[in-house]
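As a plain string of letters, each chain reads:
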Amino acid sequence: MKTTCVDWPKTKKNVKEVIEKYNYYSLSVDSKSDSKINDNFLLEQLNTYQNNNIYLKKDDNELKNRVVFINLVRSSFNRLTTEERKIIYWTYLDKEDNYDDRFIANNLGFSLGYYYIKKKETLIRFAYCLGVEEIKES
């Protein structure tokens, strides 16, 4: 069986775009704060969104689509290992603490070089969970 070669720059860009969209959508429909997460680093699924805000300009279908997208990302995130979830969470989702790569590597007990290898592997695995991986054309 031939192994597939992932186009790293495109795959990384796709994952970052999904995470950015997730962060913005979460701001618009998730009323509780994800700023702090439990020790298992699992994200809870959202229930169907109830639009009780009369000032909100989005229609209910758009809000429901956002909830579906958020739940897809959370489900994909939850399929990763705890170590991988920590890398994604601390790098891209936690907007309050602004952890740098050295802190994350130290917290996980990795050298900085090994952390970069694990971070790349994590982003590729997350891309596969999300279905946004790009394969190099030969």
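Look up: the structure comes first, before these words.
Residues numbered from 1 in each chain as written. Predicted model: local features only at pLDDT ≥ 70, side-chain atom pairs only at ≥ 80, totals over all residues. Heavy atoms only, no water.

A.B. asks: Even after reading the chapter, I still don't get the pattern of salt bridges, so can you show me in this structure?
C.D. replies: Where charged atoms from two side chains of opposite charge approach closely, those side chains can pair. If you walk through the whole model with that rule in mind, you get seven salt bridges. Between Arg66 and Glu62 there is a salt bridge; the shortest N-O distance is 2.9 Å. You can see Arg66 and its partner Glu62 sitting in helix α2 (residues 60-78), four residues apart, about one turn around the helix. With relative accessibility at 25%, the residue Glu62 sits in the partly exposed group. Close ionic contact of Lys118 with Glu83 constitutes a salt bridge, the shortest N to O distance being 3.6 Å. A residue pair is termed long-range when its members are at least 10 positions apart, and Lys118 in helix α5 (residues 112-130) and Glu83 in helix α3 (residues 82-93) qualify at 35 residues. (Salt bridge = Lys/Arg side-chain N within 4 Å of Asp/Glu carboxyl O. Helix = DSSP H or I, 4+ residues; strand = E, 2+ residues; numbered from the N terminus. Buried < 20%, exposed > 50% of the residue type's maximum accessible area, 1.4 Å probe, protein only.)

A.B. asks: Looking at this structure, how should I read the packing of aromatic side chains?
C.D. replies: Describing an aromatic ring pair means giving the distance of the ring centres and the angle of the ring planes. This model, assessed by the stated rule, comprises nine aromatic pairs. Plain terms: the ring middles of Trp90 and Phe103 are 6.2 Å apart, the flat faces sit at 70° to each other, and that makes the pair edge-to-face. With a gap of 13 residues between them, Trp90 in helix α3 and Phe103 in helix α4 (residues 101-108) connect regions that are remote in the sequence. These aromatic residues form a ring-pair network of at least three members: Phe41, Tyr89, Trp90, Tyr99 and Phe103. The lysine or arginine in question, Lys21, covers the ring of Phe69, its NZ or CZ lying 4.8 Å from the ring centre. (Phe/Tyr/Trp six-rings, centres within 6.5 Å; stacked < 30°, edge-to-face > 60°. Lys NZ or Arg CZ within 6 Å of the ring centre and 35° of its normal.)

A.B. asks: Could you clarify how one ought to interpret the nonpolar core in this entry?
C.D. replies: Most often, soluble globular proteins have nonpolar side chains that are buried together. Counting residues in hydrophobic clusters, the biggest one holds 33 residues, and the most contacted among them are Ile88, Leu93 and Phe126. Of all the secondary-structure elements, those providing two or more residues to this core are α1 (8-29), α2, α3, α4 and α5. Not counting residues within four places of it along the chain, the set of residues in contact with Phe126 comprises Val15, Ile19, Val73, Ser76, Phe77, Leu80 and Ile88. (Core = buried A, V, L, I, M, F, W, Y, C linked by side-chain atoms within 4.5 Å. Contact = heavy atoms within 4.5 Å.)

A.B. asks: I keep staring at the packing of α3 against α4 and nothing clicks. Help me out?
C.D. replies: Angle between the axes and distance between the axes: these two values describe a pair of packed helices. Where α3 meets α4, the axes come as close as 11 Å, and the angle between the chain directions of the two elements is 155°. Looking at the two axes, α3 sits roughly antiparallel to α4. The two elements α3 and α4 cross, and the hand of that crossing is right-handed. Between α3, through Glu83, Lys86, Ile87, Trp90 and Thr91, and α4, the contact on the second element is made entirely by Ile104, Asn107 and Leu108. For the contact of α3 with α4, the per-class residue count stands at four nonpolar, two polar and two charged. (Axes fitted to C-alpha atoms, helices over the stretch in contact; angles between N-to-C directions. Parallel < 35°, antiparallel > 145°, perpendicular 65-115°, else oblique. Left-handed = near helix turned anticlockwise from the far one by under 90°. Nonpolar A, V, L, I, M, F, W, Y, C, P; charged D, E, K, R; others polar.)

A.B. asks: What should I look at first to understand the side chain of Lys118 in this one?
C.D. replies: You can call Lys118 buried: its relative accessible area is 14%. Excluding residues that lie within four positions of it along the chain, Lys118 makes contacts with Glu83, Ile87 and Phe110.

A.B. asks: Would you explain α5 in this entry?
C.D. replies: For an α-helix, the turn length of 3.6 residues means that residues three or four places apart are oriented alike. Relative to the 27 Å expected for 19 residues at 1.5 Å per residue, α5 spans 26 Å between its end C-alpha atoms, a close match to the ideal helical length. Buried within α5 we find Tyr115, Lys118, Lys119, Thr122, Leu123, Phe126, Ala127, Cys129 and Leu130. (Expected span 1.5 Å × (residues − 1).)

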